Each structure stands twice: as C-alpha cells, then as structure tokens.
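# Summary of structural features
As a plain string of letters, each chain reads:
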Amino acid sequence: MYAQGLIGADGASDESEEFLAAFQARIDAEEKIEPNDAMPEGYRKTLTRQIAQHAHSEIVGMLPEGNWITRAPTLRRKAALLAKVQDEGGHGLYLYAAAETLGVSREQMTEELLCGKAKYSSIFNYPTPTWADIGTIGWLVDGAAIMNQIPLCRCSFGPYARAMIRVCKEESFHHRQGYEIVMTLAQGTPEQKQMAQDSLDRWWWPSLMMFGPSDSDSVHSEQSMTWKIKRFSNDDLRQKFIDATIPQAEYLGLKVPDPDMRFNEETGHHEHGEIDWDEFWRVVKGGGKMNRDRIADRKKAWDDGAWVREAALAHAEKRRARQEATLEAAE
Ligand SMILES: [Fe+2]
Ligand SMILES: [Fe+2]
C-alpha cells in the first residue's frame, strides 16, 4: 500500500544545462534509468525519498492488519489475511532494495522512520476496531494503492518500475479479498451490514486523502511528472478511484459518507464534497490516533530482530571465509 501525494521533487541542482537536457532526452524517449546511470542529484533524492516512504508504508501497513490475524472469523479468512500481510512485508523488502540501489542503506532508512524523520502513509494511523475494517482496508486502501501504483509500473527508474509489476499483481488480490469480506458482511444480518457501513464511514475520507493534497496545493508535483516518476496528478488519480469505487459501494447497498457526492451526467464523473484537509495535515504531522503505537511497535520489531540480523551477518561471514579457504586450498 502506498500514497504518493506528499513527495515533492528536488528540482534545484548545479548540473550543467547539457547534462540535464541529455538526461531529459532519455526520459522523453521512455528509456529506463538504471542505478549506475548518471542522473541529476534532484532525481536521485526525489526517488530515494519516494521509494523509502513507499517501503515504510508497506511495512507499517502490516501492523493494523496483523492485529486481526489471531481474531479472523474463520480458518479461510485467517489464511488469506496471513498471506496478504506477508505480501506487504515482501513489498517493503523489494522497495528497500530498490532504494538501496540509489545509495542509501536499509539501516539509515529504518532509523529515519523510527526517529520520526521519514514519512509513511498516514492512513495507517487510523485504528481498526472491527473485523469489517480488514475488509474495508483491502477494498479501499489497497484499492487506492493500486490506482497509485499501476502508473508506477511505467516509472522512469528501472528498479522501481519492475518492482511495481509484481506488487500490483499482489495488490489486486488484496483488493479482492477485502471486497469479498465486505460483500459477505453486507449480505449478512442487519448487524453485519451495519458493521460494514460503519467501517466504510470510518475509511472513506482517509482513503480519498491517500492521494495527497489537491493539485493546486501540491508542491513540486510538476517536476516529478517531467521526470516521469509520476504519470498522473493527485486529483486525477483520486477521481479515477472514486469513479471505480462508487458503483462497488452501490452494488453492496452501502453509502459513502458524503452528502454532496453526485454523478455529473455531462462529465461522466462522480463529484465529491469538500475534503477536510486540516484533518489530513493533523494526521500527517503525527496527530493520528495510532501514530505513537505504530512507531513503537515498529521499533520493538526492529529491536527484537537485532539478534537475527547479527546472526545472519555472522553466518554470511563464516560462509564467505569457508569459501575463500576452499578456493585457496584448490589453487
Ligand atoms: Fe503492498
Ligand atoms: Fe496490499
């Protein structure tokens, strides 16, 4: 899962005009930029920040859902949720590896997350009080992530674009498993249907906010578009998501909590009411209900795993020494 809206591009640089023009020509020709290629410092910094934030979001996103693995209502649900949470861990790993090709270490990225310097998708700072939230997260949050990530499969930076292809395939399974949970509840008893509706009420607006600030307030978005890191604006992606999701809600007999939502016959789009951006910025700045818990849980997992990392390194070191000894003996 991932929200791209907060990443501004670093446009300023002291590279020569010719260098920048040659780089832009490669981008315009839809060539992929690979880790060892020359690239403007701003391009490198923007991508490092964006991929790291994306990786953190995948990893932190495991927490609200992991919380429900032991309480899933059936064995089938539990197996699907376990697989989903494991996928998110895998997404985080591909992405940390992609960011490492740009010259930043995994330790550095993790430290920045734990000390509160690095951002992750603010959606994960909301609590998941009922089982219906697991369905709604798959349906809306993974659904929004897919809208964001499909265009990233064509991102100009090779390792990021390639990682996204597999990630998107897995996200579409997450989206379906979520929708199926909500569908079961919506077709169940009146209490179950109410549970699904309450959950939609909780997650609708945060999901729309996942696309980031409105285009008019989105700083440096243009540079990311020119570099073909980003292919669509925040508002365009949000609109695509709404147009895809409203018919799904209607099919379930659920209503999004927006009294101003209406279908515009002329444009063929669903128009939404005012988004509460004050709430968005409050959560982004660490004011989310679960902000402290999520980082504390992540820190605990990182600290508890320290011995595993040390043991793995010691094992790799021993193996290398043994291989070297064998090679020397053979010479
Ligand atoms: Fe993911
Ligand atoms: Fe996902």
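The structure presented is a predicted model; accordingly, all values stated were derived computationally and were not measured.

## Regarding the coordination of the iron ion (ligand 2)
Coordination of the iron ion (ligand 2) by the protein comes from Glu-88 (OE), Asp-142 (OD), Glu-171 (OE) and His-174 (ND1), over a distance range of 1.9 to 2.2 Å. Here the iron ion (ligand 2) binds 4 donor atoms, and the angle range of 91 to 155° at the metal identifies the geometry as irregular. Here the donor residues of the iron ion (ligand 2) are spaced in sequence according to E-x53-D-x28-E-x2-H. The metal-metal distance between the iron ion (ligand 2) and the iron ion (ligand 1) is 3.4 Å, with Glu-88 serving as a donor to both. Taken as a pair, Glu-88 in helix H3 (residues 75–100) and Asp-142 in helix H5 (residues 131–149) lie far apart in primary sequence, 54 residues in all. Residue Asp-142 is classed as buried on the basis of its relative accessible area of 0%.

## Describing the pattern of salt bridges
All chains considered together, the criterion is met by 21 salt bridges. Its salt-bridge partner being Glu-180, residue Arg-76 comes within 3.3 Å of it at the nearest N-O pair. Of this pair, Arg-76 sits in helix H3 while Glu-180 is found in helix H6 (residues 158–186), placing the two residues 104 residues apart along the sequence. The class for Arg-76 is exposed, based on a relative accessible area of 56%. Taken together, the salt bridges that share partners define one network made up of Glu-65, Lys-84, Glu-88 and Asp-142.

## Things to note about a negative patch on the surface
A surface patch of like charges, here negative, comprises Asp-260, Glu-274, Asp-276 and Asp-278. Mapped onto the elements of the fold, Glu-274 is located in the loop between strand S2 (269–271) and helix H10 (277–287). Residue classification places Glu-274 among the exposed residues on the basis of a relative accessible area of 71%.

## Description of the packing of helix H7 (residues 190–209) against helix H9 (residues 234–252)
It is at 12 Å that the axes of H7 and H9 come closest, and there the two elements cross at 175°. In terms of their interaxial angle, H7 and H9 are classed as roughly antiparallel. Contact residues: Lys-193, Trp-204, Ser-207, Leu-208 and Met-209 in H7; Arg-238, Phe-241, Ile-242, Thr-245, Ile-246 and Leu-252 in H9. Of the residues assigned to the contact of H7 with H9, the class counts are 7 nonpolar, 2 polar and 2 charged.

## What to know about the environment of Ile-123
Looking at the element boundaries, Ile-123 is found in the loop between helix H4 (106–114) and H5. Distance in space between the C-alpha atoms of Ile-123 and Arg-44 is 26 Å, their sequence separation being 79 residues. Excluding residues within four positions of it along the chain, Ile-123 makes contact with Val-141, Trp-203, Pro-206, Ser-207 and Met-210.

## So, H5
Look at H5: 26 Å from first C-alpha to last across 19 residues, which is about the 27 Å you get at 1.5 Å a residue. At Ile-137, H5 shows its strongest bend, of approximately 35°. Counting buried positions along H5 gives 18 out of 19 residues, so the element sits mostly inside the fold.

## Focus: H7
Between its first and last C-alpha, H7 extends 29 Å over 20 residues, near the 28 Å set by a 1.5 Å rise per residue. Roughly 35° is the biggest bend found in H7, and it falls at Trp-203, with proline Pro-206 one to four residues downstream. Here H7 has its buried residues at Ala-196, Gln-197, Ser-199, Leu-200, Trp-203, Trp-204, Trp-205, Pro-206, Ser-207, Leu-208 and Met-209. Elements in contact with the buried residues of H7: H5, H6, H9 and H10.

## With respect to unusual backbone geometry
The phi torsion of most residues other than glycine is negative, and most of the peptide bonds are trans. Of note in this structure, Glu-30 is not a glycine but carries a positive phi near 60°. Not every positive phi belongs to a glycine, and Lys-228 is a case in point at roughly 60°. By the element assignment, Lys-228 lies in the loop between helix H8 (221–226) and H9. The class of Lys-228 is buried, set by a relative accessible area of 18%.

## Focus: the packing of aromatic side chains
Tallying each qualifying case throughout the model produces 9 aromatic pairs. Where Trp-68 meets Trp-131, the ring centres are 6.1 Å apart and the plane angle is 65°; that geometry is what we call edge-to-face. Linking Trp-68 in the loop between helix H2 (41–66) and H3 with Trp-131 in helix H5, this pair joins segments that are 63 residues apart in sequence. As far as the burial class goes, Trp-68 and Trp-131 line up, both buried. When the centroid spacing of 5.2 Å and the interplanar angle of 90° are considered together, the rings of Trp-277 and Phe-280 count as edge-to-face. In this pair, Trp-277 and Phe-280 both sit in helix H10, 3 residues apart, roughly one turn of the helix. Grouping residues by exposure puts Trp-277 and Phe-280 together as buried.

What counts and how
- Residues numbered from 1 in each chain as written.
- Chains lettered and ligands numbered in written order.
- Predicted model: local features only at pLDDT ≥ 70, side-chain atom pairs only at ≥ 80, totals over all residues.
- Heavy atoms only, no water.
- Donors = N, O, S within 2.8 Å, 3.2 Å for Na, K, Ca; no water.
- Tetrahedral: all angles 85-135°; square planar, octahedral: opposite > 155°, others 65-115°.
- Helix = DSSP H or I, 4+ residues; strand = E, 2+ residues; numbered from the N terminus.
- Buried < 20%, exposed > 50% of the residue type's maximum accessible area, 1.4 Å probe, protein only.
- Salt bridge = Lys/Arg side-chain N within 4 Å of Asp/Glu carboxyl O.
- Patch = residues over 30% accessible without salt bridge, like charges linked within 9 Å, V, L, I, M, F, W, Y side chains within 5 Å.
- Areas by Shrake-Rupley, 256 points an atom, 1.4 Å probe, with all protein chains shown as cover.
- Lys, Arg positive; Asp, Glu negative; His and termini not counted.
- Charge placed at Lys NZ, Arg CZ, Asp CG, Glu CD.
- Axes fitted to C-alpha atoms, helices over the stretch in contact; angles between N-to-C directions.
- Parallel < 35°, antiparallel > 145°, perpendicular 65-115°, else oblique.
- Contact = heavy atoms within 4.5 Å.
- Nonpolar A, V, L, I, M, F, W, Y, C, P; charged D, E, K, R; others polar.
- Expected span 1.5 Å × (residues − 1).
- Bend = angle between axes of the 7 residues up to and from the residue.
- Phe/Tyr/Trp six-rings, centres within 6.5 Å; stacked < 30°, edge-to-face > 60°.

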